[in-house]
Amino acid sequence: MTAVTPSDATQHVSPRLKGRRRSRTLAIGIAFVGLIVAVALVSLVWLPYEPSDTSGGRLESPSWEHWIGTDKFGRDLLTQLMIGARIAITVGCGAVAVGATIGITIGLVAAFAKPWLDDTISATLDVLIAFPVLLLAMLIVAAQGASLGTAILAIGIALSAVVARLTRILASQVLRAQYVTAARTSGTRWFGIVGQHVLPNIWPTLGVNLALLFGAAVLAEASLSYLGLGAPPPNASWGRMLQEAQATFTTAPAGAIAPGIALVILVVGVNFIADGLRDLADPTRKRSR
Amino acid sequence: MTVYLVRRLGFLVISFAIAMVVLFLLLRVLPGDPANALLSVNATQEQIDAARAQVGADLPLFQQFTDWFGGVLSLDLGSSFISSLPVGPEIAARMSVTIPLTLLSFALALLIALPAGFIAAVRADRWYGILLSGFSQLGIAVPVFWVGMLLVNVFAVNLRWLPSGGFPRDDWANPGAALTSLALPVITIALVMSASLTRYIRSATLDVIGSDYLRSARAQGASFSGAFWRHGLRNGIVPVISILGIELATTFLGAVVVESVFTLPGLGSMLLTAIQQHDYPNIQGILLVSTLLVLVIGFLADVAQRLIDPRLRTSISGNGIR
């Protein structure tokens, strides 16, 4: 950053204001995600009704007994929504864990490999990345059959190509740095270089992108469930709730709106956290919002 | 450039071959038997064997692959396990819905995103710039099928302006009717796609605005708009084009999901049915054609980038970072 700043239109925002807006992004993100995580945690110990309890009237509108009404079988929608929070977070964490494990490993191998192997891996990754996450996940679900585990695995594998390419690009940038050459000439082995130089250097960027992929995983799971390829009942995934409520949108709009809002809160929250973290990790980056 | 084109074409062919192997292996090596599609739950062993022979699942894996590969080379994608209809013509018929849906959505998304992203960057300090950024944040967090549901409820059920779904039985015989039934799906996909496009265009514009070359041009006396159109556009558009390739592919996928909201007889609904019925030839065929389209889009995006930016002409694979 230079002392002299160009006099373009964006300069009207003072640095202090920008700093405040940044931390606000992170705070809103944490609040949104915290809300959904809290709901998911509460659902583990307390639910308003049993998930299979059909004692409510069919398609009731929101009331004191049923805060967001009931579905076409008379089941409480808030109960399903709370279980949905648990499923969304499980899928997000699970898929990102799977994707990060596979992706970082492949990316590091490519970065360290001989050029021909690097090129082969890169070409394969380019093909895989060209495929949208959901299509790859659908393919895997097609072979494996629909279940919560398959959805996590499928989305994780689909995300891993993105992680691998990012890791490879970031890692090979680090590997070209002079301090790595110095470490190599002083006899540090490759795992030492990975542990001491590569991972600490690429972690901030990688972490931000993993947060973004969490959002992508949650959306992909919702789409899979909406298409009937996600976790089968009794798992009340938000995507499946939306699919079930679609036919009764006019008579019971709450059931078709609430899960969507919950999804948006979670994904916006995660994206905000990613944005906030990126600014924290890289203070030199200007105008990221 | 000719050398580059030849090498990039070679890369396209190799990528396609890799994709075929990956597709085939993902479907065959993972558990699940193709013959299951033909059988009831309590089938006898003879029935299972007969079904496996009928679909060719009893042959060695390598021979299954070479049979399929040979078929693809002669433009024969096989026949459905379920309906026994050839896969190729069925896909071609479905494309007459999915391709227009994809292209119209993408065009509309670009029409929204180009000005929105530019304004969001140049007027980042005004309320409307912030509003546009906010909308694009929201747009990348919204599931596309939910947007479809909401739009159907507003414009089809309540206002009755547009049909809520379906497609004319006679396809494009009556273009007006076909376009009307595509209107809501197109708006749905375009709204969601324009959000992420807006973000990319906004950040590309911001990069240009903050760049040293623009500052130099300004220092030499060029006006902001003069410097932007003369230097910024050509520099800023290069990363956008590679994103456009990926986004066009994503639009195609958006079409696959949205088709099921609006019950359109496109490639997406065909894929969904095929997956539910474990109809492997159809699944393979659809994914193969989609892959080919996605790869060709990537190829065109790369060539376009090279034409615009001579600095990129040295690397073969797309990203140019080594």
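Not measured: the values here are computed from a predicted model.

Things to note about the overall build of chain A
- A tally of helices and strands in chain A yields 9 helices and 0 strands.
- Starting at the N terminus, the α and β elements of chain A follow one another as α-α-α-α-α-α-α-α-α.
- A buried classification covers 52% of the 289 residues belonging to chain A.
- Partitioning the intrachain contacts of chain A with sequence separation of at least 6 by distance along the chain shows that 67% fall at a separation of at least 24.
- Total accessible area computed for chain A in this model is approximately 12900 Å², and 66% of it derives from carbon and sulfur atoms.

A short note on the nonpolar core
- With 151 residues, the main nonpolar core has Met138(A), Ile155(A), Leu224(A), Trp238(A), Leu266(A) and Ile283(B) as its most contacted residues.
- Among all residues touching Leu266(A), those that are not within four sequence positions of it are Val33(A), Ile36(A), Ala88(A), Ile89(A), Phe214(A), Val218(A) and Trp238(A).

A short note on the pattern of salt bridges
All names here are of chain B.
- Throughout the structure, instances matching the rule amount to 6 salt bridges over all chains.
- A salt bridge links Asp302 to Arg8; the nearest nitrogen and oxygen atoms lie 3.0 Å apart. Highlighted residues: Asp302 in helix 11 (residues 280-308) and Arg8 in helix 1 (residues 2-29), separated in sequence by 294 residues. Per residue, the accessibility class of Asp302 equals that of Arg8, and both read buried.

Here's the deal with the packing of helix 10 (residues 267-276) of chain B against helix 11 of chain B
Residue and element names in this part refer to chain B.
- Relative to each other, helix 10 and helix 11 sit at 145 degrees, their axes nearing to 9 Å. Like other packed secondary-structure pairs, helix 10 and helix 11 cross with a definite hand, here left-handed. Every residue of helix 11 that contacts helix 10 at Leu267, Met270, Leu271, Ala274 and Ile275 is listed here: Asn282, Ile283, Ile286 and Ser290.
- A breakdown of the residues in the contact of helix 10 with helix 11 according to their chemical character gives 7 nonpolar, 2 polar and no charged.

Things to note about the domain arrangement of chain B
Residues and elements named next belong to chain B.
- What the domain assignment reports for chain B is domain 1 (1-74) and domain 2 (97-312).
- For domain 1 versus domain 2, the separation of C-alpha centres amounts to 32 Å.
- With 19 residues of domain 1 at the interface, the matching set in domain 2 holds 17 residues.
- Our enumeration of links across domain 1 and domain 2 arrives at 1 salt bridge.

Focus on the side chain of Gln284(B)
All names here are of chain B.
- Examined against the element boundaries, Gln284 turns out to sit in helix 11.
- The class of Gln284 is buried, set by a relative accessible area of 3%.
- In contact with Gln284, other than residues within four places in its own chain, are Leu23, Phe24, Leu27, Arg28 and Trp68.

Some details on the UniProt feature "transmembrane region" (unreviewed entry) in chain B
All names here are of chain B.
- Residues annotated by UniProt as "transmembrane region" (unreviewed entry) correspond here to residues 9-30, 103-122, 134-156, 176-197, 237-262 and 282-304.
- Helix makes up 100% of residues 103-122 and strand 0%, and the two end C-alpha atoms of the span are 28 Å apart.
- Along residues 237-262, the helical share is 96% and the strand share 0%, with 34 Å between the first and last C-alpha atoms.

As for the packing of aromatic side chains
- Counted under the stated rule, the structure contains 2 aromatic pairs over all chains.
- Arranged with centres 4.2 Å apart and planes meeting at 15 degrees, the rings of Tyr226(A) and Phe145(B) form a pair that is stacked. Taken together, the residues Tyr226(A) in helix 7 (residues 190-226) and Phe145(B) in helix 6 (residues 144-158) connect one chain to another. As far as burial versus exposure is concerned, Tyr226(A) and Phe145(B) are alike and both buried.
- Each ring, one from Trp127(B) and one from Tyr128(B), has its centre 5.5 Å from the other, and the planes form 90 degrees; the classification is edge-to-face.
- Since its relative accessible area comes to 29%, Tyr128(B) is described here as partly exposed.

Thoughts on the UniProt feature "transmembrane region" (unreviewed entry) in chain A
Residue and element names in this part refer to chain A.
- Mapped onto this numbering, the UniProt entry annotates "transmembrane region" (unreviewed entry) at residues 26-49, 87-113, 125-142, 148-166, 206-229 and 249-277.
- Taken end to end, residues 148-166 has its terminal C-alpha atoms 27 Å apart, with 100% of it in helix and 0% in strand.
- Across residues 206-229, the secondary structure splits into 88% helix and 0% strand, with the terminal C-alpha atoms separated by 29 Å.

Quick look at empty space enclosed by the protein
All names here are of chain A.
- Per the stated rule, a full pass over the model turns up 5 cavities of 30 Å³ or more.
- The computed volume of the second largest cavity comes to approximately 110 Å³.
- If you trace the second largest cavity, you find 12 residues lining it, with Asp71, Lys72, Leu77, Glu244 and Ala245 closest to the centre.
- Considering every element that reaches the lining of the second largest cavity, the biggest residue donor is helix 8 (residues 238-246), with 3 residues.
- Considering only residue class, the lining of the second largest cavity consists of 5 nonpolar, 4 polar and 3 charged.

Looking at the packing of helix 5 (residues 127-139) of chain B against helix 7 (residues 175-209) of chain B
Residues and elements named next belong to chain B.
- Where helix 5 contacts helix 7, the axes come no closer than 8 Å and their chain directions differ by 125 degrees. As judged from the angle between their axes, helix 5 and helix 7 are oblique. Crossing of helix 5 against helix 7: the hand is left-handed. Residues Ser133, Ser136, Gln137 and Gly139 of helix 5 pack against Val192, Ala195, Thr198, Arg199 and Arg202 of helix 7.
- Partitioning the contact of helix 5 with helix 7 into residue classes produces 2 nonpolar, 5 polar and 2 charged.

Things to note about the confidence of the model for chain A
Residues and elements named next belong to chain A.
- Of the residues in chain A, 86% reach a pLDDT of 70 or more, and the chain-wide mean stands at 80.
- Looking over chain A, one finds the lowest element-wise mean pLDDT in helix 4 (residues 133-144), namely 76, and the highest in helix 2 (residues 77-112), namely 91.
- Every residue in residues 1-14 scores below 50 in pLDDT, and together they form 21 contacts with partners more than four places removed in sequence or on other chains.

Re the side chain of Thr98(B)
Residues and elements named next belong to chain B.
- When you line up the elements, Thr98 lands in helix 4 (residues 87-122).
- On the basis of relative accessibility, which here comes to 0%, the residue Thr98 falls in the buried class.
- A distance of 2.7 Å separates polar atoms of two side chains, one belonging to Thr98 and the other to Glu259.
- Aside from chain neighbours lying at most four places away, what touches Thr98 is Phe252, Ala255, Glu259, Gly266, Leu267 and Gly268.

Cut-offs and rules
- Residues numbered from 1 in each chain as written.
- Chains lettered and ligands numbered in written order.
- Predicted model: local features only at pLDDT ≥ 70, side-chain atom pairs only at ≥ 80, totals over all residues.
- Heavy atoms only, no water.
- Helix = DSSP H or I, 4+ residues; strand = E, 2+ residues; numbered from the N terminus.
- Buried < 20%, exposed > 50% of the residue type's maximum accessible area, 1.4 Å probe, protein only.
- Contact = heavy atoms within 4.5 Å.
- Areas by Shrake-Rupley, 256 points an atom, 1.4 Å probe, with all protein chains shown as cover.
- Core = buried A, V, L, I, M, F, W, Y, C linked by side-chain atoms within 4.5 Å.
- Salt bridge = Lys/Arg side-chain N within 4 Å of Asp/Glu carboxyl O.
- Axes fitted to C-alpha atoms, helices over the stretch in contact; angles between N-to-C directions.
- Left-handed = near helix turned anticlockwise from the far one by under 90°.
- Nonpolar A, V, L, I, M, F, W, Y, C, P; charged D, E, K, R; others polar.
- Domains from an automatic or database assignment.
- UniProt positions renumbered as here; feature names shortened; annotations may be inferred.
- Phe/Tyr/Trp six-rings, centres within 6.5 Å; stacked < 30°, edge-to-face > 60°.
- 1 Å grid on protein atoms, 1.4 Å probe; cavity = no way out; pocket = protein on both sides within 12 Å on 5 of 7 lines; lining within 4 Å.
- Points joined across faces, edges and corners; volume = space filled by probe spheres on them.
- Parallel < 35°, antiparallel > 145°, perpendicular 65-115°, else oblique.
- pLDDT = per-residue confidence, 0-100.
- Polar contact = N/O pair within 3.5 Å; in protein donor to acceptor, adjacent residues only side chain to side chain.

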